Amino acid sequence: MRIVKYVFGLSVALMAMSLQSCTQARPENKSGHDLWLGDITSPVFAANKKLLDNYDKTLGDEGFRIKNNQKGDAVVYANTEAGLMYGTYHLKRLYDCGVKVDDEIVEVPAYKYRILNHWDNPNLTVERGYAGKSLWKWEELPGKIRPEYEEYARANASIGINGTVLNNVNADPCMLTREYLEKVKVLADIFRPYNIKVYLSLNFAAPKHLANLKTSDPLDKDVIKWWNDKVAEIYSIIPDFGGFLVKANSEGQSGPQDYGRTHADGANMIADAVKPYGGIVMWRAFVYAAESPDRAKQAVEEFKPLDGQFRDNVIIQIKNGPVDFQPREPFSPLFGQLEHTNIMAEMQITQEYLGHSNHMVYLHPMWKECLDSDTYQKGKGSTVAAETLGKVHGNTEWSAIAGVTNIGDSVNWCGHQLAQANWYAFGRMAWNPDLSSEQIIDEWLMQTFTTDRKFVEPVAKMMLASREACVKYEMPLGLHHCFSGAGHYGPGPWDRSSRPDWEPAYYHKAAADGIGFDRTSKTGSDAVSQYHEPLRSLYDNVETCPDELILWFHHLPWDYKMKSGRTLWNELCYTFEDGIQEARGFIGTWESVEKYVDPYRYGQVHEKLIRQAKDAIWWRDALMLYFQQYSKMEIPSDCTKPQHTLDELRRFRLRISNYETPALDKLPDYTLE
Ligand code: GCV
C-alpha cells in the first residue's frame, strides 16, 4: 500500500488535482487558445484566467499578471497557457500563505532555462541519491505509466521549473537507443502540458558504443553524421526535445580531448546537430586532472582560453564553487572569466556533502550566497546572478540555471521530510533569484505544514540556521573535503584513494607546521589570481581574508592568532562546538512544535535531528583528534568531550555505495547526554 505523498504540502497536491480536472474541461477561447479555468470548487480557482488577445511584451512567454476585477476577484492574465498556469499556481501560493491580492502583480521568470538534473541510471540507482531509487521505472516504460510522473510534473510546474535532464551525467550510452527514446517520449508527453521539456545527458563515446564507429572524434565526418542522424531521430520522436547535458573528459568520462580536440570542438559538434531544432547543449566545466597541483584552478585554466569559440546554443554549466559542492566554497572564479561564452550555474540540491537525507540543511542561503557574490568582472555589480542571467555581457536569451535533484521514489520524495524545501527553493530561486531565504522558507512551511506563526517562526529560524551549522561542524574556517570516501558521508581526514585529488589530505594539508591550502600568490597555488580585484587582494592577504574561507586560501600555523584573539586551534575547536550546540538546539526547537505536526512526520524528523547532532560530534571528534597528532594541542575543557578515540574512529567502516544514505543504526554510537 502506498502512503499519501506530500508535494510541497498537501495543498499543492490538491492544486495538482484541480489542474488536472481543469485541463480536461478547458474550453476554447476566440483566439483559438485554450483557457486555463481551474477548479470551480475552490475560491482561488473560481478566479478568472484570461489569455491576452494582444501579446504583452513585458510578460513574454511565461510571465503573468494578476489583477482584481470590478467584483474584487483576482484574474490571471498571460500571453500563453504556460503563463496562465504559473499565474494560477502563484495565486494558489498567495492564497495558501494568507496573502490577499490588493495591487496588481506582475511576475516574469528571471532565468529562461530552469532545469533539474537527475543523476539517475538506467538500472534505477541514483548517483548521490538519498531518496530511494530512481523515479523513472525504465523497465516498465513505455507500457506502464506511474501516477508519480505527473505528480512530479505538477510539483515542478508549481515552482516554475521548465526543464529536466532525466539521466546521470555519467551517462550510459543506452539512453540514446531507440528503445530508451521511446520510453523518454512517454515522460516528455506527460510533462509537456506542464511546460516542462525533457533533456538527456549524453555519453560522448556513443558513436563507438552504439554504432561501432572506430572513433568518436568530433571532427570525424562519420561521427558528425552519426550525431546529426541521432538528433534527427530524437526530434522525430520528441519534437520539443530540449537538448543535451554533457560531462566530458572528467572523472573517466570520454570527451573530445581523447582525440586531441578541445571542449569547444566537442560542444560545437553537438550544438550544430541540435541547432536546427532549437536545442541547446549544456557543457559542464567540472573538469580536473589528478596530477594538477590545485584542482580549484582547473576550470578556468581549461575554459578561459576557449572563450568565444563556443556556438551560441552552448551554455557552459559551472558548479557554484571551484571544487565540488562543499558546504561552503567561494564562488567559482570561472563565472567572472568568460566574456563571449554563455554560462550557467549548477547547484546541488541533493546533499552529497551535507549529511545526505539524514541531516536537515536548508540550502537556499548557500545558493544565494553564490548568486549574490560579486565577480567584479565589469566592475561592481557583476554578480554571479548577473553573469548567469546574461546581464553582464548582454546574452540574456541564454540565461539558465541547473539544480542536481534530491528526488527519488521515496514516499516523501526527498528522503527527509524537510528536504523538499530545497527542491522548492531551487525552483523559486530560478524564477526569482532576488527572493530571500526567509520568504521562501516561510512560503514552504506554510504550504507544507500550517500557517500558524507559532510553528512557522521557530521552524523557519531553525532551518535558516541549518546551513551555517552544517558548515561549522563539517568544514569550519574553510577547511574543505575532509569527507570519508565512503559515500561522502561523515569524516575521513585520513582516507586514502587511487588519486591524490580524491584524498582529504590534498585539501586540508594538516602537518606539524599548520593546516589549510595555500592558494596565495606568493607562496601558494595563486588561485587567488583567478579572482578580480578587490577580491584577489582580499583573499590573498591573510589579514583581510574572511575567517569563513581562511583555510581555503591560507596554510596557517596551529597557534596563528585569529581576529577573535584565539589561536587557530582553539578557533577550530570552538567553531565545531558552536556547530554541535546549534545542531542540538534544533532538536529542542522541533520538540517545541510537536503539537503542530502529525505524528508521522514529527517522528521522522525528530529521529533524524538526533542523528544530525550526534554526527556533529562525530565530525568534531574525527577531525580534531586526527589534527591533534600534528598540533599537539588540547581540545579546550569547556568543549563537548570526545566520545571515541582516534583509533576507534579510524577503525569504523561505513559500507555504503554512492547511491545511498547510511541507515541511522549503522553509524557510530554517540550519546547526547
Ligand atoms: C555525477 C562529484 C560526485 C560524483 C559526480 C561528480 C560530477 O565528484 O562525487 O558522484 O558524478 O561530482 O558532478 O560529475
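Below is a short write-up of the structure. (Residues numbered from 1 in each chain as written. Predicted model: local features only at pLDDT ≥ 70, side-chain atom pairs only at ≥ 80, totals over all residues. Heavy atoms only, no water.)

**Here's the deal with the site of the ligand**
To keep things clear, this is the line we draw: We call a residue near a molecule or strand when any one of its heavy atoms sits within 4 Å of it. Counted as a polar contact is a pair of N or O atoms within 3.5 Å, where, for protein atoms, one must be capable of donating a hydrogen and the other of accepting one, and residues adjacent in sequence contribute only when both atoms are in side chains. Only protein atoms enter the 1 Å grid, on which a cavity is a set of points fitting a 1.4 Å probe that cannot get out and a pocket is an open set with protein on both sides within 12 Å along at least 5 of 7 lines, lining residues being those with an atom within 4 Å of a point. For this analysis, a molecule is said to be in a pocket or cavity if more than half of its atoms are within 2 Å of the grid points defining it.
The local shell around the ligand holds 14 residues, among which E127, K247, R284, K319 and E352 are the closest. The separation between an oxygen atom of the ligand and a polar side-chain atom of R128 is 2.8 Å. At a separation of 3.2 Å, an oxygen atom of the ligand approaches a polar side-chain atom of D324. A majority-of-atoms criterion places the ligand in the second largest pocket.

**Considerations on unusual backbone geometry**
In most cases, non-glycine residues show a negative phi, while peptide bonds are predominantly trans. So the rule is basically this: Starting at the N terminus, helices and strands are each numbered in turn, a helix being any DSSP run of H or I of at least four residues and a strand any DSSP run of E of at least two. Between buried and exposed lies partly exposed: a residue is buried under 20% and exposed over 50% of the maximum accessible area for its type, with that area taken using a 1.4 Å probe on protein chains only.
Cis geometry is found at the peptide bond from L141 to P142, where omega equals 0°. In this fold, P142 is placed in the loop between β5 (113-117) and α3 (147-158). Cis peptide bonds are those with omega within 30 degrees of zero, and the linkage from E533 to P534 qualifies with 5°. Its place among the elements puts P534 in the loop between α14 (504-508) and α15 (535-540). Phi is positive for N195, which is not a glycine, with a value near 60°. Locating N195 in the fold gives a position in the loop between α4 (178-191) and β7 (197-202). Under the relative-accessibility criterion, N195 is labelled partly exposed at 25%. One non-glycine residue with positive phi stands out, namely D526, at about 65°. Relative to the elements of secondary structure, D526 occurs in the loop between α14 and α15. Judged by its relative accessible area of 25%, D526 falls in the partly exposed class.

**A word on the pattern of salt bridges**
When charged atoms on two side chains of opposite charge get close, those side chains can pair. Stated precisely, the cut-off is as follows: Basic side-chain nitrogens of Lys or Arg form a salt bridge, by our definition, when they fall within 4 Å of a carboxyl oxygen of Asp or Glu.
Counting across every chain of the model gives 46 salt bridges. Note that R328 is salt-bridged to E369, the shortest N-O span being 2.8 Å. Placement of the pair is R328 in the loop between β10 (314-319) and β11 (342-348) and E369 in helix α9 (residues 364-372), with a sequence separation of 41 residues. Since its relative accessible area comes to 30%, E369 is described here as partly exposed. With a closest N to O distance of 2.8 Å, R328 and E468 form a salt bridge. Taken as a pair, R328 in the loop between β10 and β11 and E468 in helix α13 (residues 453-474) lie far apart in primary sequence, 140 residues in all. Relative accessible area serves as the criterion here: at 4%, R328 is assigned to the buried category. Judged by relative accessible area, E468 falls into the partly exposed class, the value being 31%.

**What to know about the layout of surface pockets**
The condition that has to hold: Grid points are joined across faces, edges and corners, and a volume is the space filled by probe spheres set on the points. Charged means Asp, Glu, Lys or Arg here, nonpolar means Ala, Val, Leu, Ile, Met, Phe, Trp, Tyr, Cys or Pro, and polar covers whatever is left, Gly included.
Reported here for the largest pocket is a volume of approximately 720 Å³. When residues of the lining of the largest pocket are traced back to their parent elements, those giving at least two are α2 (81-96), β5 and β7. It is α2 that provides the largest number of residues to the lining of the largest pocket, a total of three residues. Partitioning the lining of the largest pocket into residue classes produces 17 nonpolar, 10 polar and 10 charged. The space that makes up the second largest pocket amounts to roughly 480 Å³. Lining the second largest pocket we find 27 residues, and of these R128, E251, Y353, H488 and W502 sit closest to its centre.

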